[in-house]
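Letter by letter, the chains look like this.
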Protein chains: 2
Amino acid sequence: MAKKIQTAITPTRTEDYSEWYQQVVRASDMAEHSPVRGCMVIKPWGYALWENIQRSLDDMFKETGVTNAYFPLFIPLSFLEKEAEHVEGFAKECAVVTHHRLEQGPEGGLVPAGKLAEPLVVRPTSETIIGDSFSRWVSSYRDLPLLINQWCNVVRWEMRTRIFLRTSEFLWQEGHTVHATAEEAIARTGQMLDIYADLAEEYLAVPVIRGRKTPSERFPGAVDTLCIEAMMQDRKALQAGTSHFLGQNFATASGIKFQNAQEAEEYAWTTSWGASTRLIGGLIMTHGDDDGIIMPPRVAPSHVVLLPIARKAEERAAVMEYTENLARALRDTWYHHTRLRVEIDDRDIGGARGWEWIKKGIPLRVEIGPRDIAANSVFVARRDKPHREKTSVRRDQFVSGITALLDDIQKNLFSRAADYRKAHTVTIDDRDGFYAFFTPENAEKPEIHGGFVRAHWCESAECEAKIKEDLQVTIRCIPFDSPDEDGRCICCGKPSPRRVIFAKAY
Amino acid sequence: MAKKIQTAITPTRTEDYSEWYQQVVRASDMAEHSPVRGCMVIKPWGYALWENIQRSLDDMFKETGVTNAYFPLFIPLSFLEKEAEHVEGFAKECAVVTHHRLEQGPEGGLVPAGKLAEPLVVRPTSETIIGDSFSRWVSSYRDLPLLINQWCNVVRWEMRTRIFLRTSEFLWQEGHTVHATAEEAIARTGQMLDIYADLAEEYLAVPVIRGRKTPSERFPGAVDTLCIEAMMQDRKALQAGTSHFLGQNFATASGIKFQNAQEAEEYAWTTSWGASTRLIGGLIMTHGDDDGIIMPPRVAPSHVVLLPIARKAEERAAVMEYTENLARALRDTWYHHTRLRVEIDDRDIGGARGWEWIKKGIPLRVEIGPRDIAANSVFVARRDKPHREKTSVRRDQFVSGITALLDDIQKNLFSRAADYRKAHTVTIDDRDGFYAFFTPENAEKPEIHGGFVRAHWCESAECEAKIKEDLQVTIRCIPFDSPDEDGRCICCGKPSPRRVIFAKAY
Ligand SMILES: [Zn+2]
Ligand SMILES: [Zn+2]
């Protein structure tokens, strides 16, 4: 029996994927559970990652003419009642504000007082309240297009939560645009999906499949829902961004009308699109290994940590001077329009120091000891390689080559993830094979199994529902690049015009 | 009688300052009231200003080692009960969440359901919930200093609201730091106040007085509260940022303890500091004139608007080409580490176009017509000068000189505000003069009156309370630069060690 390799994270992905995830989050010091049920505290290392994601996305939005705005946290109950009229058996998990004061109770303690005439709901999305503003902002075709985005917190009461993936409060952006024509709104829907795909692939190094949702998986009220889907290392799909073409439905519900150039009044055409802190969960599950998270350089909170090593007290001054000098040179280096972010960790805590940075996933670790200084070189380790693999590099070469090195790590992460997805994406044409593919060997404690299946589907909601019920497998999307191809539905055998992607999903 | 000058804003500042403010906000298209009582919608032009303020402040924070994090929106009631124990007759205006679901009621409509075992409060500040995290994050002197900031929304139920100045929901940042020694915490308190003062003076062009609050005006629980105070054009003071040294009080309440280098356990020393969207209200009231807001260039949403003028259809193509060409050249120009932000407004709406930009306060308006193009020059108007004052400038000179021009506007706004404050800051030594100074001629509808008074105060809370009750005048601060000087209290005549600043305030 092979000796078990020591890993920083216990359990490993294979042993217990879901527990591995929780342990990676904890070990990376990115976030923690809060005393408020279902809410998380995003710690500096996790929040810096979010800031970098946010900045990248925000820049891309602005390049296309989008501007940011801010709408109230609270939604009047009556706004949701309008929506509820259209939804049978409406029940919404959300935080309801009923009072506006706390007072000392008769037996000590505090009690809610000042009951509100109309309860307020903490926004689960700002759709209705933004619609209300838009109905006032838009009156003529000259006011269009209106391209608005909001960065904010939203709340959806969740019973079973997992940090970053499903929490009662999370951070996100929601874009809402208004157009004079269907064509323009449809084009915008696609444009924003492309931005999400660019963010995922170019910045997060997460390969995604672009496609559209089936009618039953569409956002309620949408005419068309586009999405990007990524494969996690447990081979489940994670939806990493959606963009909706809402036709005139939302404009009709919110009263967004405009006078066209012919002076006739029309309902406008709208889109909405969003991405959230869930992306961080996706990033962890795409790149993390059994030693912790791996940060893609383009969004890493820091790019490189310098680890001075001075075993004797008299070496310390020289080592620190060399280290700080190197840090200055690196901080003066530009990497994709930002300066390199450099940490110096001079704590005297032995091997725990290096491991901490491995678990945090910093792309590069650089050891600097007296012998390296004598040779004017540094000892470099890449987070995407085994932790023992370290290379001695001449200092100048390291500084001049660091951006290429980071780009190489970025590329390597992407291609590893793309290879993984390729290895676990299969084409299946028979029902038994399909069912077998999605059935774990161990039903009690399912091992990592399944993947993405390219299969035919007759376009009926019944077949879709049947597969979902039997296997918890859904159609993730109808990929844009799925060619027309005659086939037989994997479920009922009736004719199908093209293959779709089936998978289990988060 | 002189002919009344036409102004874009009605009423003028002199006629009705408070109504003028509301009209300036409306005319600038920065924000609007929302259907939710007391909450505002920050529109793109207002939000872009906030983003610039936020970015400037955030960069300064990070330069001092502060990192951002995010804490939950909700605070368990029990956290506030701890606080309430120390506050007599505790009553807090805040939004209380009591339910976590909406369901269809028996008579239609939605009703709150799923009552929470413990109500949650929407954060009026995150102090207690951050304290809870800190008590877990800090255990050794090696964990210190801990320097955390949060950008977020907070809610304080307000009965009488005014956009940006007092709203039930507002955006802010709250910084919280933990230190091993009192000295270090005290130094950090001052350092953060300096950052707020720099933001106000260098970016917002708002001159401020730095000082400390009297014990009765201190933040509850603080050992020392430092503040910056600015004078608005109605001569009232606006507090534009505060920084608190909390001693060990907050650490004791939250259980933030650490093991020092001698392995003894101690309570830590903490600070907190904050600034909010209120700053925008202060900016409007400092620089706005009777034609609307004036944006200081360093934080302006846009720096310059190009206004092509083509009276005949056949001129249009050439004018637009010239305009777009100029816009490109300007956008390639750097102004204080950011590229110039340039608008092109080619709407054919006559004089309303120019006035819209005046009301929005854009620093520079540039008209481009066929005759200007023939002379290769542009027609430039500065927002800080009378609106008719326009200068023809050679195009190349305009491009090469624009950053100096913007700096000049920035400087001019600052010195105008400083002159105004100087003109309305007086030294008063007699009680009657003091009372007269703060008493309007028209008690029914007070005209703009008063200002800052440098007067002696005996340091008794009674005299402070008396003046507040009689005149609604408070001690804004004990200025850092107030020299030791023997005098007699303006209220009771007893000895006083130095002058303080009295004023009416927002
Ligand atoms: Zn079928
Ligand atoms: Zn006195």
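Calculation rules
- Residues numbered from 1 in each chain as written.
- Chains lettered and ligands numbered in written order.
- Predicted model: local features only at pLDDT ≥ 70, side-chain atom pairs only at ≥ 80, totals over all residues.
- Heavy atoms only, no water.
- UniProt positions renumbered as here; feature names shortened; annotations may be inferred.
- Pairing = 2+ DSSP bridges.
- Helix = DSSP H or I, 4+ residues; strand = E, 2+ residues; numbered from the N terminus.
- Axes fitted to C-alpha atoms, helices over the stretch in contact; angles between N-to-C directions.
- Contact = heavy atoms within 4.5 Å.
- Left-handed = near helix turned anticlockwise from the far one by under 90°.
- Nonpolar A, V, L, I, M, F, W, Y, C, P; charged D, E, K, R; others polar.
- Donors = N, O, S within 2.8 Å, 3.2 Å for Na, K, Ca; no water.
- Buried < 20%, exposed > 50% of the residue type's maximum accessible area, 1.4 Å probe, protein only.
- Phe/Tyr/Trp six-rings, centres within 6.5 Å; stacked < 30°, edge-to-face > 60°.
- Lys NZ or Arg CZ within 6 Å of the ring centre and 35° of its normal.
- Core = buried A, V, L, I, M, F, W, Y, C linked by side-chain atoms within 4.5 Å.
- Expected span 1.5 Å × (residues − 1).
- Arc of directions from axis to C-beta.
- Tetrahedral: all angles 85-135°; square planar, octahedral: opposite > 155°, others 65-115°.
- Buried area = accessible area lost by both parts, 1.4 Å probe.
- Salt bridge = Lys/Arg side-chain N within 4 Å of Asp/Glu carboxyl O.
- Polar contact = N/O pair within 3.5 Å; in protein donor to acceptor, adjacent residues only side chain to side chain.

An unreviewed UniProt entry lists chain A under the name Proline--tRNA ligase, from Desulfonema ishimotonii. We quote the UniProt Subunit (unreviewed entry) comment for chain A here in full: "Homodimer." Quoted verbatim from the Sequence similarities (unreviewed entry) heading of the UniProt record, the comment on chain A is "Belongs to the class-II aminoacyl-tRNA synthetase family. ProS type 3 subfamily."

**Student:** What am I meant to see in the sheet that holds strand E20 (residues 377-382) of chain A here?
**Tutor:** Paired through backbone hydrogen bonds, the strands of a sheet run either parallel or antiparallel to each other. All names here are of chain A. If you walk across this open sheet you meet the five strands as E18-E15-E19-E20-E21, and the pairing is mixed. Edge positions in the sheet fall to strand E18 (342-344) and strand E21 (390-394), since each of these pairs with one other strand and no more. For this sheet the average axis-to-axis angle between neighbouring strands, irrespective of direction, equals 25°. Direction of pairing for strand E19 (residues 364-368) relative to E20: antiparallel, over a ladder of four bridges. Of the residues in E20, the one forming a bridge with Arg 365 is Ala 381. Helix-sheet contacts for helix H11 (residues 395-423) involve strand E15 (304-308), E19, E20 and E21, and the interaxial angle to E20 is about 5°.

**Student:** How do you make sense of the packing of helix H2 (residues 44-63) of chain A against helix H5 (residues 182-203) of chain A when you look at a structure like this?
**Tutor:** The geometry of a pair of packed helices is captured by two quantities: the angle between their axes and the separation between those axes. Residues and elements named next belong to chain A. Where H2 contacts H5, the two axes come as close as 10 Å, and the packing angle between them is 145°. Between H2 and H5 lies a crossing of right-handed hand. Of H5, the residues touching H2 (which contributes Ile 53, Ser 56, Leu 57, Met 60 and Phe 61) are Met 192, Ile 195, Tyr 196, Asp 198, Leu 199 and Tyr 203. Residue composition of the contact of H2 with H5, grouped by class: nine nonpolar, one polar and one charged.

**Student:** Which parts of the structure should I look at to understand the coordination of the zinc ion (ligand 1)?
**Tutor:** Each pair of donors in an ideal four-coordinate tetrahedral metal site encloses 109.5 degrees, whereas pairs in an ideal six-coordinate octahedral site enclose 90 or 180 degrees. All names here are of chain A. The zinc ion (ligand 1) binds to the protein through Cys 458 (SG), Cys 463 (SG), Cys 489 (SG) and Cys 492 (SG), with metal-donor distances spanning 2.2 to 2.4 Å. Written as a sequence motif, the donor arrangement for the zinc ion (ligand 1) is C-x4-C-x25-C-x2-C. Of this pair, Cys 458 sits in the loop between strand E23 (452-456) and helix H13 (461-471) while Cys 489 is found in the loop between strand E25 (487-488) and strand E26 (495-496), placing the two residues 31 residues apart along the sequence. We classify Cys 458 as buried; its relative accessible area is 17%.

**Student:** Could you clarify how one ought to interpret the packing of aromatic side chains in this entry?
**Tutor:** Given two aromatic rings, one states the distance between the centres and the angle between the planes to describe the pair. Inspection of every chain in the model, using the stated rule, returns 30 aromatic pairs over all chains. Ring plane angle 80° and centroid distance 6.0 Å describe the contact between Trp50(B) and Trp151(B), whose orientation is recorded as edge-to-face. Separated by 101 residues along the polypeptide, Trp50(B) in helix H2 (residues 44-63) and Trp151(B) in strand E7 (residues 146-155) bring together distant segments of the chain. For the residue pair Trp50(B) and Trp151(B), the accessibility class agrees, reading buried in each case. In this structure an aromatic cluster arises from ring pairing among Trp50(A), Phe61(A), Trp151(A), Tyr196(A) and Trp273(A). Sitting over the face of the ring of Tyr506(B), Lys236(B) holds its NZ or CZ atom 5.2 Å from the ring centroid.

**Student:** Just to check I follow, could you spell out the nonpolar core for this structure?
**Tutor:** One broad trend across soluble globular proteins is that nonpolar side chains are buried collectively. Phe74(A), Val122(A), Phe74(B) and Val122(B) are the most contacted members of the largest nonpolar core, which has 80 residues in total. Residues within four places of Val122(B) in sequence aside, it is in contact with Leu73(A), Phe74(A), Val97(A), Leu73(B), Phe74(B), Ala95(B), Val97(B) and Val155(B).

**Student:** Explanation requested: helix H8 (residues 316-331) of chain B in the structure shown.
**Tutor:** Think of an α-helix as turning once every 3.6 residues; residues three or four places apart then point the same way. Residue and element names in this part refer to chain B. With 16 residues, H8 should cover 22 Å at 1.5 Å per step; its first-to-last C-alpha distance of 22 Å lies within 8% of that length. Considered for burial, the residues of H8 that qualify are Val 319, Met 320, Tyr 322, Thr 323, Leu 326, Ala 327 and Leu 330. Considered in projection along H8, the buried side chains sweep an arc of 160° and stay on one side of the axis. Opposite the buried face of H8, by more than 90 degrees, sit the exposed residues Ala 317, Glu 321 and Arg 328. Taken together, the buried residues of H8 touch strand E15 (304-308), strand E18 (342-344), strand E19 (364-368), helix H10 (370-374), strand E20 (377-382) and helix H11 (395-423).

**Student:** It is not clear to me how the coordination of the zinc ion (ligand 2) should be interpreted in this structure. Could you clarify?
**Tutor:** Residue and element names in this part refer to chain B. Only Cys 458 (SG), Cys 463 (SG), Cys 489 (SG) and Cys 492 (SG) from the protein coordinate the zinc ion (ligand 2), and they sit 2.2 to 2.4 Å from it. Classification of the site at the zinc ion (ligand 2) rests on its four donor atoms, whose angles at the metal span 105 to 115°, yielding the label tetrahedral. Donor residues for the zinc ion (ligand 2) sit on one chain with the sequence pattern C-x4-C-x25-C-x2-C. Taking relative accessible area as the criterion, Cys 489 reaches 5% and is therefore assigned buried.

**Student:** Would you mind showing me how to read the sheet that holds strand E22 (residues 425-427) of chain B here?
**Tutor:** Residues and elements named next belong to chain B. With respect to topology, 11 strands assemble into an open sheet ordered E3-E7-E8-E14-E11-E10-E9-E24-E27-E23-E22, the strand pairing being mixed. Both edges of this open sheet fall to strand E3 (67-68) and E22, since each of them pairs with a single strand only. Taken together, the 10 bridges between E7 and strand E8 (residues 169-179) define a ladder with antiparallel strand orientation. Bridged to Leu 146 within E8 is Val 178. On the sheet, helix H5 (residues 182-203) packs against E7, E8, strand E9 (209-212), strand E10 (224-231), strand E11 (237-245) and strand E14 (269-276) and is oriented at approximately 155° with respect to E11.

**Student:** How should the interface of chain B and chain A be read in this particular structure?
**Tutor:** The figure often quoted for interface size is the accessible area lost as the parts come together. Contacts between chain B and chain A engage 68 residues on the former and 68 residues on the latter. Overall, the association of chain B and chain A removes approximately 5500 Å² of surface from exposure, summing both partners, and the carbon and sulfur fraction of that is 64%. The largest contributions to the chain B side of the interface with chain A come from Tyr70(B), Leu102(B) and Leu110(B), which together make up 13% of the buried area. Inspection of the region where chain B meets chain A yields six salt bridges. The residue Arg101(A) makes a salt bridge to Glu93(B) at a minimum N-O spacing of 2.6 Å. Joining chain B to chain A, the criterion identifies 36 residue pairs in polar contact (both at pLDDT 80 or more). Considering each element in turn, the side of chain B that touches chain A owes the most residues, 14 residues, to strand E5 (residues 91-104) of chain B.

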